[in-house]
Number of protein chains: 2
Amino acid sequence: MAEGGRTAAVMAAIQGRIAARGLAPGERLPSIRGLATALGVSPSTVVEAYERLAAEGVVRSRPGSGFYAASPAPPTLAEIGPRLDRAVDPLWVSRQSLDGEPEIPKPGCGWLPAAWMPVAALRRAARGLARAEDAVLTDYGATRGPLPLRRLLARQCAGEGLAVGPDQVLLTGSGTQAIDLICRLLVRPGDTVLVDDPCYFNFQALLRAHRAKVVGVPYTEAGPDPELFAQAAATHRPRLYVTNSALHNPTGATLAPAVAHRLLNAAAAHDVRIVEDDIFAPFEPEPSPRLAALDGLERVIRIGSFSKTLSASIRCGYVVAKAEWIEALIDLQVATSFGGVSPVAAELVAGALGDGQYRKHLDALRRRLDRARREAAERLAGLGIRPWLMPRGGFYLWCTLPGDRDAAAVARAALREGVVLAPGDVFSVSHTAGSRMRFNVAQMGDARVIPILERALAVPEA
Amino acid sequence: MAEGGRTAAVMAAIQGRIAARGLAPGERLPSIRGLATALGVSPSTVVEAYERLAAEGVVRSRPGSGFYAASPAPPTLAEIGPRLDRAVDPLWVSRQSLDGEPEIPKPGCGWLPAAWMPVAALRRAARGLARAEDAVLTDYGATRGPLPLRRLLARQCAGEGLAVGPDQVLLTGSGTQAIDLICRLLVRPGDTVLVDDPCYFNFQALLRAHRAKVVGVPYTEAGPDPELFAQAAATHRPRLYVTNSALHNPTGATLAPAVAHRLLNAAAAHDVRIVEDDIFAPFEPEPSPRLAALDGLERVIRIGSFSKTLSASIRCGYVVAKAEWIEALIDLQVATSFGGVSPVAAELVAGALGDGQYRKHLDALRRRLDRARREAAERLAGLGIRPWLMPRGGFYLWCTLPGDRDAAAVARAALREGVVLAPGDVFSVSHTAGSRMRFNVAQMGDARVIPILERALAVPEA
């Protein structure tokens, strides 16, 4: 074997041991003479190999003290899961939408324009905060969050046929944080979690952060395919299923009663817990079936937040679940964020929700969204972009691009012109939505959107 | 073997298989006839065993379809780690302090009374919020948090000899959430993490939530014992060391320069990353050595928050770290709480920090705490309770009870009279602080505290 080959062999041997954790980070490498003898090579070959490994950062040399295994750089979240074209990475749309310049159009984002939010009510709530008790402004809050807001949410649940006491409501730092806490409680690394395919892209990023195995269930116009859901539950024995039933994200579809019933039976048969993220419920013209209400919180945990209807800036979400789970979630929330929701945030939310104008605001919002949905559908139709279905409410249109164009390529082209889009595959665990695109009809008022979209569609495929 | 014994044997066999995951949750139990033959018992014995297991909730019977392994109830955080007397469970003090009635004295808690906080500045900040741009009140914020506040924190770091740009500052939902994000990035279940013994009790709860192996390093009046730190680093190959160097919690001790230097060398030798929680730094009369500044953020990550000096109700913390780690932390924060810090919270913090009165408030706070510390030490001395050392600042006194009284028993007795104390062992990984107690000198103004403490000390040991 040539000298170079021998050196490479020594390097491979060491790298193998480090990869197999046979050499822990910081551990001293075998002595040069010892390894040379063991591998039947010359000491100089081992020295050469160690020095090349040091140059590659695989090992570290400490003058006078020898060579040590370096610790690998911590994996990024993208590396935890399969590496993806950043344009179809679930985090891509989040980062672009959150960090993009405020004035650029973002039909790919998941929120309403500031002008559509109840700003006057929020300013009144802020002035109310300035007059609140000292403790509200200065102290940690109760671990469940303030009772008045929990009472209000419990009454809201009762109105939807879900009878709960305020102690079954836990306020959290956001809807996403609520799901994160539930994953800490119910999901171990390597556990399987079911999601809809397509589903809200951040469900994938969140579950990836928990090192869960994510399995998608094909979504139909009436909800997840109940047959395939039962199959997936039987095959993969998932710990959890995460979904939003009211105005499903991204499709805007509505769960049909018969599908809900079959889902719950399959979940019971295979002991799958369910997180029902109800964040879009306030946008429904009339309530659709709720898994939490049908199940009575036996295995369903209901999640909500105010980010879509009130403010995404005041971070506040909530969990509604059976009492023993709430207790365990409180411990986890104390351990990981000390205390619960920000009392200041809860005060602002309660103030704005209690504001006489809030109901009116929601009604106006629904009417405004109906108009925007029709207009957006017409303008998209002009480009040959057609919705998969016409949602009953909310602000999403899940569309098919003409001629099966590659949505990721279109999104990249549009971004170069300063428009953030949401290509279909970021929502699809199976990456079978490559020519789909989610449009936020409330973010398409900007005159630049349609022309830029038209040009992006015209860019020849790579 | 008697019938009862045979039934018990069958039950044990099934429970064993479930425990060993030989029977996954939801999986069907062996057929009654089959198992009867296999175990050489009568089918009726198996039926009896299955029904008892169903009664115990270990298995579930589905009419007409047989018996299935039930899924275990999710483990509570207390169960993840070793089960502890709740009174010395790290979460005990948190829950008692956070959920105890507002008016009861809490010398065991970790914050200042509302009356000591800059309430006027906070009210001004709230009125400022009412006049903020619409987007501040309604929208998700940039993933790093607003630039002005990050610039302010970067300047503050520079003032402490830590040269960083604003892009190396990441705002988070709280100081604890900052450490939680770092654990998500750097700690895997089963990894070892070093903490001080004693240390802030919630470090243990947080690390337990990450399923880390927590190893304590004995803490001296000059910081962690550097010899034992190096030994622990060599023996346990920890991924991380979590500490607070400025006014250490609970001891109030200060890290000595020579110890800091030796710590960093040992950490480098064994490639240990360090989280330096600087939350008490503003209470120092003059700055003490900072690991982050000495190390230049090579392996040290600096954490801070405003909960102790400004408001614990406005949840806002921050991370200062090397650029590539910040990038990875942003992805994790987006995935697990969508977006970063609440823009409303950041606006309130920036408003109050920018308030001309804030510096004066800190100076007054330090003087007031010096007085309170002297007074508390005198009153405790009257009960034979002596501080381990007299801290340079901050609000903690780490004390020894007279006659080695059991601090947990004293805390339980005091709680019966409505006073929340912090018994030593909640801070001690090795549970070697059984007769120690942490007192918050700012929370001892209430006339009930000393008499109740005296009575609690007089309660005969169980």
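Residues numbered from 1 in each chain as written. Chains lettered and ligands numbered in written order. Predicted model: local features only at pLDDT ≥ 70, side-chain atom pairs only at ≥ 80, totals over all residues. Heavy atoms only, no water.

Chain A goes by 8-amino-7-oxononanoate synthase in an unreviewed UniProt entry, where it is assigned to Methylobacterium tarhaniae. Quoted verbatim from the Sequence similarities (unreviewed entry) heading of the UniProt record, the comment on chain A is "In the C-terminal section; belongs to the class-I pyridoxal-phosphate-dependent aminotransferase family." (UniProt positions renumbered as here; feature names shortened; annotations may be inferred.)

Participant: Report on the pairing of strand β9 (residues 300–305) of chain B, specifying residues and quantitative values.
Facilitator: Here β9(B) lies mainly inside the structure; six of its six residues are buried. Every second residue of β9(B) is oriented toward a common face, with B:Val300, B:Arg302 and B:Gly304 on one face and B:Ile301, B:Ile303 and B:Ser305 on the other, all of them buried. (Buried < 20%, exposed > 50% of the residue type's maximum accessible area, 1.4 Å probe, protein only. Helix = DSSP H or I, 4+ residues; strand = E, 2+ residues; numbered from the N terminus.)

Participant: With reference to specific residues and values, describe the relation of the copies chain B and chain A.
Facilitator: Superposition record for chain B on chain A: RMSD 0.3 Å, screw rotation 180°, translation along axis 0.1 Å. What the rotation and shift describe, once combined, is the action of a two-fold rotation axis. Comparing interface residues between copies, 97% of those in chain B also lie at the interface in chain A; the contact surface is shared. (Least-squares fit on C-alpha atoms with pLDDT ≥ 70 in both. Contact = heavy atoms within 4.5 Å.)

Participant: Give me the lowdown on helix α15 (residues 343–354) of chain B, citing residues and values where you can.
Facilitator: Here α15(B) is twelve residues long and its end C-alpha atoms lie 16 Å apart, about the 16 Å a rise of 1.5 Å per residue gives. Listed as buried for α15(B) are B:Pro343, B:Val344, B:Ala345, B:Ala346, B:Leu348, B:Val349, B:Ala352 and B:Leu353. Packing partners of the buried residues in α15(B) comprise α6 (119–130) and α15 (343–354) of chain A together with α6 (119–130), α7 (134–138), α8 (147–159) and α16 (357–381) of chain B. (Expected span 1.5 Å × (residues − 1).)

Participant: Describe the interface of chain B and chain A, and please don't skip the residues or the numbers.
Facilitator: Facing the 88 residues of chain B at the interface are 86 residues of chain A. Taking both partners together, chain B and chain A bury about 7300 Å²; carbon and sulfur atoms supply 54% of that area. Among the residues chain B hides against chain A, the three largest losses belong to B:Leu98, B:Tyr140 and B:Phe338. Together they make up 10% of the total. Applying the counting criterion to the chain B and chain A interface returns eight salt bridges. Applying the counting criterion to the chain B and chain A interface returns 36 residue pairs in polar contact (both at pLDDT 80 or more). If you tally residues by element for the side of chain B that touches chain A, the top one is helix α14 (residues 323–337) of chain B, at ten residues. (Buried area = accessible area lost by both parts, 1.4 Å probe. Salt bridge = Lys/Arg side-chain N within 4 Å of Asp/Glu carboxyl O. Polar contact = N/O pair within 3.5 Å; in protein donor to acceptor, adjacent residues only side chain to side chain.)

Participant: Just give me the short version of the sheet that holds strand β13 (residues 422–423) of chain A, but keep the residues and values in it.
Facilitator: The strands that make up a sheet pair up through hydrogen bonds in the backbone, lying either parallel or antiparallel. Taken together, the four strands give an open sheet; going across it, the order is β11-β12-β14-β13 (chain A), and neighbouring strands pair in antiparallel fashion. The open sheet is flanked by β11 (386–387) and β13 of chain A, the only strands paired with a single partner. (Pairing = 2+ DSSP bridges.)

Participant: Lay out the side chain of A:Thr336 in plain terms, naming residues and giving numbers.
Facilitator: By the secondary structure assignment, A:Thr336 is in helix α14 (residues 323–337). Residue classification places A:Thr336 among the buried positions, given a relative accessible area of 3%. For A:Thr336, the residues in contact, after removing those within four places along its chain, are A:Leu181, A:Arg184, B:Thr176, B:Gln177, B:Asp180, B:Leu206 and B:Ala209.

Participant: Now, about the sheet that holds strand β3 (residues 169–172) of chain A: what can you tell me, with residues and values included?
Facilitator: Residue and element names in this part refer to chain A. Read across the sheet, eight strands follow the order β3-β10-β9-β8-β7-β4-β5-β6 without closing on themselves; strand pairing throughout is mixed. At either margin of the open sheet sits one strand with a lone partner, and together these are β3 and β6 (223–224). Across four bridges, the pairing between strand β7 (residues 240–243) and strand β8 (residues 273–277) is parallel. Each bridged residue has a counterpart across the sheet, and for threonine 243 the counterpart in β8 is glutamate 276. Against the sheet, helix α9 (residues 175–186) engages β3, β7, β8, β9 (300–305) and β10 (317–320), with an angle of about 155° to β9. (Axes fitted to C-alpha atoms, helices over the stretch in contact; angles between N-to-C directions.)

Participant: Provide a residue-level description of the pattern of salt bridges, including the pertinent values.
Facilitator: All names here are of chain A. With the rule as written, the count across this model stands at 48 salt bridges over all chains. A salt bridge links aspartate 99 to arginine 95, with the shortest nitrogen-to-oxygen separation between them at 3.8 Å. Taken as a pair, aspartate 99 and arginine 95 lie in helix α5 (residues 90–99) at a separation of four residues, close to a single helical turn. The exposure class of arginine 95 is buried, given its relative accessible area of 13%.

Participant: Residues and numbers for the environment of A:His248, please.
Facilitator: All names here are of chain A. Mapped onto the elements of the fold, histidine 248 is located in the loop between β7 and α12 (257–269). The exposure class assigned to histidine 248 is buried, which follows from its relative accessible area of 0%. Expressed as a C-alpha distance, the spacing of histidine 248 and proline 198, which sit 50 residues apart in the sequence, is 9.5 Å. Residues within four places of histidine 248 in sequence aside, it is in contact with Asp196, Pro198, Cys199, Tyr219 and Ala253. Among the polar contacts listed, one links the side chain of histidine 248 to the side chain of threonine 251, at a separation of 2.7 Å.

Participant: Tell me about the nonpolar core, and name the residues and values.
Facilitator: Among the nonpolar cores identified, the biggest contains 280 residues, and A:Val319, A:Phe439 and B:Val319 are the most heavily contacted of them. Contacts of B:Val319, omitting those with residues within four sequence positions, involve B:Gln168, B:Val169, B:Leu170, B:Thr172, B:Ala178, B:Ile182, B:Ile301, B:Arg302, B:Ile303, B:Ile326 and B:Leu329. (Core = buried A, V, L, I, M, F, W, Y, C linked by side-chain atoms within 4.5 Å.)

Participant: Can you lay out the side chain of A:Asn244 for me, pointing to particular residues and giving the numbers?
Facilitator: Residue and element names in this part refer to chain A. Along the chain, asparagine 244 falls in the loop between β7 and α12. The buried category is assigned to asparagine 244, whose relative accessible area is 2%. For asparagine 244, the side chain forms a polar contact with the main-chain nitrogen of asparagine 249, separated by 3.1 Å. The contact partners of asparagine 244, leaving out residues within four places of it in the chain, are Asp196, Phe203, Tyr219, Asn249, Asp277 and Phe280.

Participant: Just give me the short version of the domain arrangement of chain A, but keep the residues and values in it.
Facilitator: We note that the domain assignment places domain 1 (6–69), domain 2 (91–112 + 359–458) and domain 3 (119–354) within chain A. Placing a centre on the C-alpha atoms of domain 1 of chain A and another on those of domain 2 of chain A gives a separation of 53 Å. (Domains from an automatic or database assignment.)

Participant: Could you give an account of the environment of B:Val272, naming the residues involved and the relevant values?
Facilitator: Residues and elements named next belong to chain B. Locating valine 272 in the fold gives a position in the loop between α12 (257–269) and β8 (273–277). Separated by 79 residues in the primary sequence, valine 272 and valine 193 have C-alpha atoms spaced 9.1 Å apart. Contact partners of valine 272, with chain neighbours within four places excluded, come to Ala233, Pro238, Arg239, Leu240, Tyr241, Ala267 and Arg299.

Participant: Could you give me a rundown of the environment of A:Phe283, with the residues and numbers involved?
Facilitator: All names here are of chain A. Assignment of secondary structure puts phenylalanine 283 in the loop between β8 and α13 (291–295). You can call phenylalanine 283 buried: its relative accessible area is 2%. Along the chain, phenylalanine 283 and glycine 394 lie 111 residues apart, while their C-alpha atoms are 5.1 Å from each other. Excluding anything up to four places from it in sequence, phenylalanine 283 contacts Leu112, Leu247, Lys308, Thr309, Leu365, Arg366, Leu369, Gly393, Gly394 and Phe395.

Participant: Break down the confidence of the model for chain A for me, citing the residues and quoting the values.
Facilitator: All names here are of chain A. On average, residues of chain A carry a pLDDT of 90, and 94% of them reach 70 or more. Long-range and interchain partners of residues 80–84, a stretch whose pLDDT sits below 50, account for eleven contacts in this model, where long-range means more than four residues apart. Overall fold confidence (pTM) sits at 0.84, and the ipTM for the predicted complex is 0.83. (pLDDT = per-residue confidence, 0-100.)

Participant: Tell me about the packing of α5(A) against α14(B), and please be specific about residues and values.
Facilitator: In contact at an axis separation of 10 Å, α5(A) and α14(B) are set at 100° when each is read in the N-to-C sense. Here α14(B) runs roughly perpendicular to α5(A), going by the angle between their axes. Here A:Leu91, A:Ser94, A:Arg95 and A:Leu98 of α5(A) come into contact with α14(B), specifically with B:Glu327, B:Ile330, B:Asp331, B:Val334 and B:Ala335. (Parallel < 35°, antiparallel > 145°, perpendicular 65-115°, else oblique.)

Participant: So what's going on with unusual backbone geometry? Residues and values would help.
Facilitator: A cis amide bond links A:Asn249 with the next residue in sequence, A:Pro250, at an omega value of 10°. Here A:Pro250 is to be found in the loop between β7 and α12. For the bond running from B:Asp197 to B:Pro198, omega is 10°, close enough to zero to count as cis. One can find B:Pro198 in the loop between β4 (192–197) and α10 (201–209). A positive phi angle, close to 45°, is found at B:Arg237, a residue other than glycine. Locating B:Arg237 in the fold gives a position in the loop between α11 (226–236) and β7 (240–243). Residue B:Arg237 is classed as partly exposed on the basis of its relative accessible area, which comes to 26%. The phi dihedral of B:Leu297 falls on the positive side, at around 60°, and the residue is not glycine. Here B:Leu297 is to be found in the loop between α13 (291–295) and β9.

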